[in-house]
Amino acid sequence: MSSIFSKIIAREIPADIVYEDDLVLAFHDIAPSAPVHILIIPKREIATANDVEPDDEAALGRMISVGAQIAAEQGIAADGYRLIINCNEHGGQEVFHLHMHLVGGRSLGPMLTRPKKRRST
Ligand code: AMP
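In this report, we go over the structure that sits alongside the text. If you're wondering where the values come from, they're calculated on a predicted model, not measured in any experiment.

Rules used throughout
Residues numbered from 1 in each chain as written. Predicted model: local features only at pLDDT ≥ 70, side-chain atom pairs only at ≥ 80, totals over all residues. Heavy atoms only, no water. Salt bridge = Lys/Arg side-chain N within 4 Å of Asp/Glu carboxyl O. Buried < 20%, exposed > 50% of the residue type's maximum accessible area, 1.4 Å probe, protein only. Helix = DSSP H or I, 4+ residues; strand = E, 2+ residues; numbered from the N terminus. Near = heavy atom within 4 Å. Polar contact = N/O pair within 3.5 Å; in protein donor to acceptor, adjacent residues only side chain to side chain. Areas by Shrake-Rupley, 256 points an atom, 1.4 Å probe, with all protein chains shown as cover. 1 Å grid on protein atoms, 1.4 Å probe; cavity = no way out; pocket = protein on both sides within 12 Å on 5 of 7 lines; lining within 4 Å. Sits in = over half its atoms within 2 Å of the grid points. Nonpolar A, V, L, I, M, F, W, Y, C, P; charged D, E, K, R; others polar.

Here we look at the pattern of salt bridges
Then, number 1: A full pass over the atoms with the stated rule returns five salt bridges.
Then, number 2: The salt bridge partner of R11 is E20, with a shortest N-O separation of 2.6 Å.
Then, number 3: Classification of R11 by relative accessible area gives partly exposed; the value is 47%.
Then, number 4: The class for E20 is partly exposed, based on a relative accessible area of 37%.
Then, number 5: Here D56 and R44 are joined by a salt bridge, their closest N and O atoms 2.7 Å apart. Linking D56 in the loop between β3 (36–42) and α2 (57–73) with R44 in the loop between β3 and α2, this pair joins segments that are 12 residues apart in sequence.
Then, number 6: With relative accessibility at 5%, the residue D56 sits in the buried group.

As structure tokens, then:
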């Protein structure tokens, strides 16, 4: 079944698109978690990272190079940013069309909450 992101590719629903080529599309996240929050997706419908096939490697590589290009255009490349791909329930994936989050524009802190260190006595 097509996800909401396939509908964005097909222009059936609107999105604030910032980049498109033959392999990928990039658009602003509808509920940004940071001053810059852009989603970069392959045009092929790939549900999750578990479903990536060898033929998808060009699109996945393109997603990272386009992410870096957009980061530069958004003025966040030098300070830095984070590229995130969530997978399935434990990864917190909500939309089942593979996508990479480009987030930045502020310090993002540690990637994961780290377990508290035991105090030595
Ligand atoms: P994930 O939890 O990794 O599956 O992330 C899904 C992301 O898609 C969330 O950050 C949502 O805010 C975003 N999102 C959902 N629907 C739309 C939409 N129509 N346009 C733009 N972003 C969306």
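Moving on from the coordinates now.
Structural notes on the site of the ligand
Then, number 1: Around the ligand, 16 residues are found, and the nearest of them are D29, N86, E94, H99 and H101.
Then, number 2: In the environment of the ligand, an oxygen atom lies 2.5 Å from a nitrogen or oxygen atom belonging to the side chain of D29.
Then, number 3: A distance of 2.8 Å separates an oxygen atom of the ligand from a polar atom in the side chain of H99.
Then, number 4: Protein contact buries 86% of the 510 Å² of open area that the ligand shows by itself.
Then, number 5: Judged by the fraction of its atoms near the pocket grid, the ligand is located in the largest pocket.
Then, number 6: Those elements giving two or more residues to the shell around the ligand turn out to be α1 (4–9) and β2 (24–28).
Then, number 7: The leading source of residues in the shell around the ligand is α1, at three residues.
Then, number 8: Class assignment for the residues of the shell around the ligand results in eight nonpolar, six polar and two charged.

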